[in-house]
Amino acid sequence: MDFAKKPLLLIISSLFMIQIAISGDPDILTDFVLPPNSPPIDANFFTFTGMRSLVSAPVPPTFKVVKATMEQFPALNGQSVSNAVLIFPPGSVNPVHTHPRSAELLFLVQGSLEVGFVDSTNKLFTQTLQQGDIFVFPKGLVHFQYNGDAKNPALAISGFGSANAGTVSLPNTLFNSTIDDGVLAMSFKTDVPTIQKLKAGLQG
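A quick note: this is a predicted structure, and the numbers were derived from the prediction, not measured. Position numbers for residues start from 1 in each chain and track the written sequence from start to end. Owing to the predicted nature of the model, reporting of local features is limited to residues with pLDDT of at least 70; listing and counting of side-chain atom pairs is limited to 80 or more, with chain, interface and lining totals taken over all residues. Where side-chain values are given, they derive from all heavy atoms of the structure, hydrogens and water being excluded.

Novice: Looking at this model, I keep getting lost on the layout of surface pockets. Mind explaining?
Specialist: Rolled over the atoms, a probe as big as a water molecule pinpoints where empty space is left. We place a 1 Å grid over just the protein atoms. Points where a 1.4 Å probe fits but has no way out form a cavity, open points with protein on both sides within 12 Å along at least 5 of 7 lines form a pocket, and any residue with an atom within 4 Å of a point lines it. Grid points are joined across faces, edges and corners, and a volume is the space filled by probe spheres set on the points. Computed from the structure, the largest pocket encloses a volume of approximately 500 Å³. Taken together, 24 residues make up the lining of the largest pocket; nearest its centre are Val65, Lys67, His97, His99 and Thr167. Of all elements in the fold, only β1 (64-68), β2 (82-88), β3 (93-98) and α2 (170-175) reach the threshold of two or more residues within the lining of the largest pocket. Of the pockets and cavities examined, the second largest pocket occupies roughly 210 Å³. Only DSSP runs of H or I with at least four residues qualify as helices, and only runs of E with at least two residues qualify as strands; both kinds are numbered from the N terminus onward.

See the structure below:
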């Protein structure tokens, strides 16, 4: 290697890494992105009706999330936004999870929620939200939401700074995967039968 070129390569590499670090969804060079071989579009393309079913629906028996991401709403491709409605029956939880590509801004429309996240130093930040409160879960950090009210449901709307924020559910990722039970047992400093009980519980 020509050592005279190393400073230039170092600068270019640094700029590339900075760009990766600050990037969210990629910028687009058009007003919007159409699916391949798309027929001519009208305003229907920019309208998502998937939340209509929630308007008069009864409270579900378990936690439910209805998403409007790029998968469900193709017009979001390239727009760096998405949305989700979270419905919490009494005593329900949105299990511990992360969003690898976006922060989450949660607006509590109804009820109360216990929320929290853990930062990279393992510090837990928790809050009890009341109707009308907004809470931010920083990008990529492990977090949860829990409706501790035994009688009343809760409803929240979450916004994301990505058309596809992604959701990594820790219980499912760890215990519904093909990671070897022995590896999991060593990782959690327990035994294989305990890991198998956890796996069975998630399947029930």
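Novice: Even after reading the chapter, I still don't get the packing of aromatic side chains, so can you show me in this structure?
Specialist: Note on aromatic pairs: each is described by the distance of the centres and the angle between the planes. In this analysis, rings of Phe, Tyr and Trp, with Trp reduced to its six-membered ring, are considered paired at centre separations within 6.5 Å, and the interplanar angle assigns stacked below 30 degrees, edge-to-face beyond 60, and tilted for intermediate values. Counted under the stated rule, the structure contains 8 aromatic pairs. On the basis of an interplanar angle of 20° and a centroid distance of 5.0 Å, the ring pair of phenylalanine 117 and phenylalanine 125 is categorised as stacked. Type-normalised accessible area, obtained with a 1.4 Å probe on protein chains alone, sets the label of each residue: buried when under 20%, exposed when over 50%, and partly exposed for intermediate values. With a relative accessible area of 32%, phenylalanine 125 lands in the partly exposed category. Both rings, one in phenylalanine 175 and one in phenylalanine 188, keep their centres 5.7 Å apart while their planes meet at 35°; by these two values the pair is tilted.

Novice: Would you mind going over the nonpolar core with me for this structure?
Specialist: Buried Ala, Val, Leu, Ile, Met, Phe, Trp, Tyr and Cys residues form a nonpolar core when they are joined through side-chain atoms within 4.5 Å. Within the largest apolar cluster, 14 residues are counted, with the highest numbers of intra-cluster contacts made by Leu106, Leu108 and Leu113. Elements that contribute at least two residues to this core include exactly β2, β4 (104-110), β5 (112-118), β7 (134-137) and β9 (154-160). Tallying contributions element by element places β5 first for this core, with 3 residues. With 6 residues, the next largest nonpolar core counts Met51, Ala68, Val85 and Ile87 among its residues.

Novice: Help me out: how do you make sense of a nonpolar patch on the surface in this one?
Specialist: A grouping of Leu105, Phe107, Val109, Ile134, Val136 and Ile157 is seen on the molecular surface, where their side chains present a nonpolar patch of about 480 Å² in accessible area. If you list the elements that add at least two residues to the nonpolar patch, you get β4 and β7. No other element matches β4, which puts 3 residues into the nonpolar patch. The class for leucine 105 is partly exposed, based on a relative accessible area of 47%. Patch construction takes residues with relative accessible area above 30% that form no salt bridge. Like charges are linked within 9 Å, and nonpolar side chains (Val, Leu, Ile, Met, Phe, Trp, Tyr) are linked within 5 Å. In these tables, accessible area is a Shrake-Rupley quantity obtained with a 1.4 Å probe, and a residue counts as shielded only by the protein chains included in the view. Any carboxyl oxygen of Asp or Glu within 4 Å of a side-chain nitrogen of Lys or Arg constitutes a salt bridge here.

Novice: What is the right way to read the sheet that holds strand β6 (residues 124-130) from this model?
Specialist: Pairing between the strands of a sheet is mediated by backbone hydrogen bonds and can be parallel or antiparallel. What makes two strands pair is DSSP finding at least two bridges between them. Across the sheet, 5 strands lie side by side as β6-β5-β8-β3-β10; this open sheet has antiparallel pairing. Edge positions in the sheet fall to β6 and β10 (168-169), since each has one partner strand and no second. Taken together, the 5 bridges between β5 and strand β8 (residues 142-146) define a ladder with antiparallel strand orientation. Considered in β8, the bridge of glutamate 114 is made with tyrosine 146.

Novice: Please explain the environment of phenylalanine 175 as it appears in this structure.
Specialist: As for its placement among the helices and strands, phenylalanine 175 is situated in helix α2. Here phenylalanine 175 falls in the buried class, since its relative accessible area comes to 11%. Phenylalanine 175 sits 20 residues away from isoleucine 195 along the chain, and the two C-alpha atoms are 7.8 Å apart.

Novice: I'm lost on the side chain of glutamine 145 in this one. Help?
Specialist: The residue glutamine 145 is located in strand β8 in this model. Of the residues examined, glutamine 145 reaches a relative accessible area of 0% and is grouped as buried. N or O atoms closer than or at 3.5 Å make up a polar contact, with two conditions inside protein: a donor-capable atom paired with an acceptor-capable one, and, for residues adjacent in sequence, both atoms drawn from side chains. Side-chain polar atoms of glutamine 145 contact the side chain of asparagine 94, separated by 2.7 Å. Note on contacts: a residue pair qualifies if any of its non-hydrogen atoms lie within 4.5 Å across the two residues. When neighbours within four sequence positions are excluded, glutamine 145 is seen to be in contact with Leu86, Phe88, Val93, Asn94, His97, Glu104, Leu106, Leu113, Glu114, Val115 and Phe137.

Novice: What's the story with the side chain of serine 162 in this structure? I'm lost.
Specialist: In this fold, serine 162 is placed in the loop between β9 and β10. Separated by 2.9 Å, the side chains of serine 162 and aspartate 25 make a polar contact. A distance of 3.0 Å separates a polar atom in the side chain of serine 162 from the backbone nitrogen of asparagine 164. Not counting residues up to four positions away in its chain, the partners in contact with serine 162 are Asp25, Ser80, Val81, Ser82, Arg101 and Ser102.

Novice: Can you walk me through the pairing of β7 in this structure?
Specialist: Burial along β7 is one-sided: the face carrying Phe135 and Phe137 is buried and the face carrying Ile134 and Val136 is not. Sheet topology note: the β4/β7 ladder contains 4 bridges and is antiparallel. Considered in β7, the bridge of phenylalanine 107 is made with isoleucine 134.

The quantities given are spatial measurements derived from coordinates; they are silent on function.
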